[in-house]
Amino acid sequence: MNSQSAVLSSESPFLESTESPRSWWNDAVIYQIYPRSFADSNGDGVGDLAGVTARLDYLAKLSIDAIWLSPFYVSPQADAGYDVADYRQVDPLFGTLEDFDVMLAAAHARGLRVIVDVVPNHTSSAHDWFVAALAAGAGSSARARYMFRDGTGESGENPPNNWQSIFGGPAWTRTTDGEWYLHMFDSSQPDLNWRNPDVLDEFDSILRFWLDRGVDGFRVDVAHGLIKHEDLPDHDFGAPFEGTGNFGPMWDQDDVHDIYQRWNRVLAEYGGERIMVAEAWVSPPERLGRYVRADEMQQAFNFEFMTVGWDAMGLRRSIDAARAITGEVGATTTWVMSNHDVVRHVSRLGLPDPTSWPKGISASDPQPDYTLGLSRARAMTLLVLALPGSAYVFEGEELGLPDHTTLREEDRMDPGFYRSGGLDVGRDGCRIPLPWDSSEPGFGFGPAGATWLPQPPSFGELAVDRQDGVEGSTLEFYRAALLLRRERTLGFGDLNWHVSRPSVLHFSNSGVRVVVNFGHGPIPLPHGLDLILPSGPGAVVAGELQPNHAVWLV
Ligand code: GLC
């Protein structure tokens, strides 16, 4: 298929619902592909788009509705592709635009929608615009597309304000001519000035470029960051959180919503129910509702829920609050437990404190208990997949993959590790190339056995070939749970809590009873119901639900 025919296919191959108020994304299960770690087709040790195409049957068999791909655009890869130098081209590392078109058509042919990442907060410093801005000098229109400012101090030797980069160190870097530019992430990721019309127009055009190719939507990177407080005031990092907005003048400013209303109108031109999902780390959680108002985005990841951990009452509070917040604006809730930025939940839930939220785990940290973590993670899966709303699954979650928690420092790639001087272990541990075949070098990640990050030996037993068709394996458990969720339309259902003890969650949705045991001892199950899915082979013993397990009953 050539790219021209793909452009012609920008009309959605999916039927639009005309009568039902439901849209596909209300209850969709969306599988996150982190392309560099999913499947390598050419043997360079980095996953690619042809690798995705080759594994689409595997994905379709999971009963998911869509895939979201993290960035595969031209990039120096200083932040694994979240530093984009050309928003309209595929980086040769991942293949070509034609590979993308082939992948998209093949996914659509299997009934899978495709969402791509858009990275609007910053470009790469290698982007033409930034290169031109540096060359053009102070006061130029090229610089006005970014956040250039004079420094403070007698000769401007200090940064314009005290903001810190998310990856550590000051959020400002000085150019050779003395001006400073803002970067909330790495110094190679200069922040764009979203009050500049050039920037607005350029991103309309980028969205249209991918919509014209036929994508079904966008995951919006750092959606809460595009607009900064106009005065760029210092931030009082020590101030108690007052609950009136956000973490500071660089995040979650009210004007950011004008951008998403504008994008909503762009997507609406295309029909076929295209969506946007916000990556917005905001607080208090009520602020998240603003991103999913009817004229903005369709989904926003519920990160507050993700961070609760193994705590029955904390989860119940979080679920109720999230449903109330999204309900108020007529949206549905979007559940997620893992992604490419956080420690995989199998590992988090196996830590001595399963409510902790580490920024990576290293060999010198207390190591997670894998068996316990997996048991809890599978129980959480039965909880999450039974909640009304949409759910995201991070690649490898369906295999029960843990983080690589003993990576050597010299193997680390995350800029967060380097900029923080190693204080943040970083995110490499959750980004390890997937194991497909335990008998091959690199566990079948690619033809040559090379992997851009080393895999832990335990990935062998967890490889797809070791789980496929094996009763009780995590892969077969996910397949069963996702199929049942679809058949019983749990994502469209309603949630009713049953009285439970502090260490038990017990609710029903669409005739399915869900019981999760967070306690230390077994608990009796409700009488007269049939077990349709246990979280693991040992979940029910003599009619009692064991600790760290869950069941679906009807
Ligand atoms: C988002 C991405 C993360 C990236 C950052 C900067 O949080 O998920 O991986 O480092 O944005 O683009």
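Quantities reported herein were computed from a predicted structural model and do not represent experimental measurements.

Caption draft 1: Region of interest: the site of the ligand. In the neighbourhood of the ligand, 14 residues make up the surrounding shell, with Asp79, Asp221, Glu279, His340 and Asp341 lying closest. At a separation of 2.8 Å, an oxygen atom of the ligand approaches a polar side-chain atom of Asp221. Here His340 contributes a side-chain N or O atom positioned 2.8 Å from an oxygen atom of the ligand. Within the complex, 96% of the 310 Å² of free accessible area of the ligand lies under protein. Counted by class, the shell around the ligand contains four nonpolar, three polar and seven charged residues.

Caption draft 2: Representation of the environment of Gln298 in the model. Relative to the assigned elements, Gln298 resides in the loop between strand E10 (275-278) and strand E11 (299-300). A relative accessible area of 12% means that Gln298 is categorised as buried. Each C-alpha atom, one on Gln298 and one on Arg274, is 8.9 Å from the other, the two residues being 24 residues apart in sequence. At 2.7 Å, the side chain of Gln298 and the backbone nitrogen of Met276 are in polar contact.

Caption draft 3: Highlighting the pattern of salt bridges. Scanning all chains against the criterion turns up 31 salt bridges. Residue Arg110 is joined to Asp57 by a salt bridge in which the shortest nitrogen-to-oxygen separation is 2.6 Å. Here the residue Arg110 occupies a position in the loop between helix H4 (97-109) and strand E5 (113-118), and Asp57 occupies one in helix H3 (residues 56-60), the gap between them amounting to 53 residues. With a relative accessible area of 34%, Arg110 lands in the partly exposed category. Its salt-bridge partner being Asp204, residue Arg262 comes within 2.8 Å of it at the nearest N-O pair.

Caption draft 4: Representation of the domain arrangement of the protein in the model. Splitting the protein by domain gives domain 1 (24-122 + 198-231 + 243-407 + 458-481) and domain 2 (496-553). Computed over C-alpha atoms only, the centres of domain 1 and domain 2 are separated by 28 Å. In this assembly, 23 residues from domain 1 lie in contact with 24 residues from domain 2. Summed over both partners, the interface of domain 1 with domain 2 buries about 1,800 Å², with 70% contributed by carbon and sulfur atoms. Sorting the residues of domain 1 by area buried against domain 2 places Trp310, Arg316 and Leu382 first, and these three jointly supply 29% of that buried surface. Summed over the shared surface of domain 1 and domain 2, the result is zero salt bridges. Remark: the boundary between domain 1 and domain 2 carries seven residue pairs in polar contact (both at pLDDT 80 or more). Elements with a minimum of two residues in the side of domain 1 that touches domain 2: helix H9 (312-328), helix H11 (370-385) and helix H14 (474-487). Class assignment for the residues of the side of domain 1 that touches domain 2 results in 16 nonpolar, two polar and five charged.

Caption draft 5: Inspection of the nonpolar core at higher detail. Ranked by internal contacts, the top residues of the largest apolar core, which has 144 residues, are Tyr31, Leu59, Ile67 and Trp552. In terms of residue count, the dominant contributor to this core is H11 (eight residues). Residues lining this core come from more than one domain, with at least three contributed by each of domain 1 (24-122 + 198-231 + 243-407 + 458-481) and domain 2 (496-553). Grouped together as the second largest cluster of nonpolar side chains are 13 residues, Phe167, Trp172, Trp180 and Leu232 included.

Caption draft 6: Highlighting the side chain of Ser420. Relative to the helices and strands, Ser420 resides in the loop between helix H12 (415-419) and helix H13 (464-467). One polar contact links the side chain of Ser420 to the main-chain carbonyl oxygen of Gly416, over a distance of 2.8 Å.

Caption draft 7: The arrangement of the sheet that holds E5 in detail. With parallel pairing, the eight strands of this open sheet are ordered in space as E11-E10-E9-E5-E2-E1-E13-E12. Strands with a single pairing partner mark the edges of an open sheet, and in this sheet they are E11 and strand E12 (334-336). Along the sheet, H4 makes contact with strand E2 (66-69) and E5, crossing E5 at roughly 140°. Those strands touched by helix H7 (residues 256-268) are E5, strand E9 (217-220) and E10, and its axis lies near 150° from that of E10.

Caption draft 8: Broad picture of the packing of aromatic side chains. In the structure shown here, the tally under the stated rule is 29 aromatic pairs. When the ring of Phe38 is compared with that of Trp436, the centres are 5.3 Å apart and the planes differ by 90°; the resulting orientation is edge-to-face. Here Phe38 is found in the loop between strand E1 (29-33) and helix H2 (49-54), whereas its partner Trp436 is found in the loop between H12 and H13, with 398 residues between them in sequence. Take Trp436: its relative accessible area is 6%, and that puts it in the buried class. Taking 5.0 Å as the distance between ring centres and 80° as the angle between the ring planes, the aromatic pair formed by Phe209 and Trp210 counts as edge-to-face. Residue Trp210 is classed as buried on the basis of its relative accessible area, which comes to 1%. Through a chain of ring-to-ring contacts, three or more aromatic side chains come together here, namely Tyr87, Trp194, Phe203, Tyr260, Trp263 and Tyr291. Between Arg22 and the ring centre of Phe492, over which it is positioned, the NZ or CZ distance is 4.1 Å. Over the face of the ring belonging to Trp436 we find Arg55, whose NZ or CZ atom lies 4.1 Å from the ring centre.

Caption draft 9: Looking closely at H4. Between its first and last C-alpha, H4 extends 18 Å over 13 residues, near the 18 Å set by a 1.5 Å rise per residue. Taken together, the buried positions of H4 are occupied by Leu97, Phe100, Asp101, Met103, Leu104, Ala106, Ala107 and His108. Looking one or two residues past H4, Gly111 carries a phi angle of roughly 80°, positive in sign.

Caption draft 10: Representation of the sheet that holds strand E17 (residues 523-524). Spatially, E17-E20-E19 is the arrangement adopted by the three strands of the open sheet, whose pairing is antiparallel. Each edge of the open sheet carries a strand with a single partner, namely E17 and strand E19 (540-541).

About the criteria used
Residues numbered from 1 in each chain as written. Predicted model: local features only at pLDDT ≥ 70, side-chain atom pairs only at ≥ 80, totals over all residues. Heavy atoms only, no water. Near = heavy atom within 4 Å. Polar contact = N/O pair within 3.5 Å; in protein donor to acceptor, adjacent residues only side chain to side chain. Areas by Shrake-Rupley, 256 points an atom, 1.4 Å probe, with all protein chains shown as cover. Nonpolar A, V, L, I, M, F, W, Y, C, P; charged D, E, K, R; others polar. Helix = DSSP H or I, 4+ residues; strand = E, 2+ residues; numbered from the N terminus. Buried < 20%, exposed > 50% of the residue type's maximum accessible area, 1.4 Å probe, protein only. Salt bridge = Lys/Arg side-chain N within 4 Å of Asp/Glu carboxyl O. Domains from an automatic or database assignment. Contact = heavy atoms within 4.5 Å. Buried area = accessible area lost by both parts, 1.4 Å probe. Core = buried A, V, L, I, M, F, W, Y, C linked by side-chain atoms within 4.5 Å. Pairing = 2+ DSSP bridges. Axes fitted to C-alpha atoms, helices over the stretch in contact; angles between N-to-C directions. Phe/Tyr/Trp six-rings, centres within 6.5 Å; stacked < 30°, edge-to-face > 60°. Lys NZ or Arg CZ within 6 Å of the ring centre and 35° of its normal. Expected span 1.5 Å × (residues − 1).

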